[in-house]
Amino acid sequence: EQIVGSVRCVQETVVRLYVIDCQELYTRDANSLSDPYLKVTCGKFVKDNSESFQQNTANPKYFENFEFETQLPGNSSLEIEVWDRDKFGGDDLIGATQIDLSLIHISEPTRQAE
């Protein structure tokens with residue numbers, strides 16, 4: 001592949017996602033609210049907080065951060081999923097979104113104050 005007029009550089013990057021809360025989540029259970037937890041995927045790395053699901057709520061408060069090391073440009077998709085934990089059977093997907101990280105400006109490393 002030939003690139004004319006530009007240089008493509010791969011940069012090691014730390015992606016930080018801060019999740020504060022969810023509001024008015026769709027109920028997946030017939031007779032109660034959902035027991036939501038988060039699953040976040042960046043490239044081949046997956047992190048979830050299924051062990052700390054929040055019981056019987058449509059408005060969970062998370063105040064959590066997720067960090068991933070990746071290379072940009074590269075596999076530049078960040079997927080955020082909200083799941084309903086079920087005691088019996090498989091968990092149910094409530095909703096999901098994807099963020100194309102190639103559209104986000106990468107800032108210079110922050111310098112320490114001297």
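Everything discussed here concerns the structure shown above.
The residue count restarts for each chain, going from 1 along the sequence in the order it is written. Totals for whole chains, interfaces and linings use every residue, but because this is a predicted model, local features are given only for residues with pLDDT of at least 70 and side-chain atom pairs only at 80 or more, for both listing and counting. Excluded from the side-chain calculation are hydrogens and water; included are all heavy atoms of the structure.

Our focus in this paragraph is the overall build of the protein. Each helix and strand in the protein was counted, giving zero helices and six strands. The secondary structure listing takes helices from DSSP runs of H or I that are at least 4 residues long and strands from runs of E that are at least 2 residues long, numbered from the N terminus. Reading the protein from its N end, one meets helices and strands in the order β-β-β-β-β-β. Burial here depends on accessible area, computed with a 1.4 Å probe over protein chains only, as a share of the maximum for the residue type. Under 20% is buried, over 50% is exposed, and the range in between is partly exposed. For the protein, the proportion of its 114 residues judged to be buried stands at 31%. The contacts of the protein with a sequence gap of at least 6 include a subset with a gap of at least 24, amounting to 62%. Entry remark: accessible area of the protein is about 8,500 Å², with carbon and sulfur atoms responsible for 47%. Note on contacts: a residue pair is in contact if any heavy atoms of the two residues lie within 4.5 Å. All accessible areas in this document rest on Shrake-Rupley with a 1.4 Å probe, and a residue is counted as covered only by the protein chains that are shown.

Mapped onto the elements of the fold, S34 is located in the loop between β1 (11-21) and β2 (36-42). Pairs of N or O atoms within 3.5 Å make up the polar contacts considered here, provided that, within protein, one atom can donate a hydrogen while the other can accept it, and that residues adjacent in sequence are counted only when both atoms are side-chain atoms. From its side chain, S34 meets the backbone oxygen of Y26 in a polar contact 3.3 Å long. The residues contacting S34, other than those within four sequence positions of it, are Y26, T27, R28, D29, Q54, Q55, N56, T57, D84 and I94.

Pairing between two strands is assigned when DSSP locates at least 2 bridges connecting them. Taking strand neighbours across the sheet as the criterion, the four strands line up as β3-β2-β5-β6 in an open arrangement whose pairing is antiparallel. Each having just a single partner strand, β3 (45-48) and β6 (92-100) make up the two edges of the open sheet. Going from strand to strand, the sheet's axes swing by 15 degrees on average, the running direction of each strand aside. Relative to strand β5 (residues 77-84), β2 is paired through seven bridges, and the arrangement is antiparallel. Note on β5: the bridge partner recorded for C42 is L78. For helices, the fitted line uses only the C-alpha atoms of the stretch in contact; every axis is such a line through C-alpha atoms, and the angle between N-to-C directions lies from 0 to 180 degrees.

Next up on the list: the nonpolar core. Core analysis: the largest hydrophobic core is formed by 17 residues, its most contacted members being L17, F66 and L78. Elements with a minimum of two residues in this core: β1, β2, β4 (61-72) and β5. The leading source of residues in this core is β4, at four residues. Setting aside residues up to four positions removed in sequence, L17 forms contacts with V40, E64, N65, F66, L78 and I80. Throughout, nonpolar core names a set of buried Ala, Val, Leu, Ile, Met, Phe, Trp, Tyr and Cys residues whose side chains join them through atoms within 4.5 Å.

Once that is clear, we can look at the pattern of salt bridges. Think of a salt bridge as a Lys or Arg side-chain nitrogen and an Asp or Glu carboxyl oxygen that are within 4 Å of each other. What the rule picks out here adds up to two salt bridges. A salt bridge links D21 to K61; its shortest N-O distance comes to 3.5 Å. Linking D21 in strand β1 with K61 in strand β4, this pair joins segments that are 40 residues apart in sequence.

Let's shift gears to the environment of A96. Along the chain, A96 falls in strand β6. In this structure A96 comes out as partly exposed when scored by relative accessible area, which is 49%. Contact partners of A96, with chain neighbours within four places excluded, come to E79, I80 and E81.

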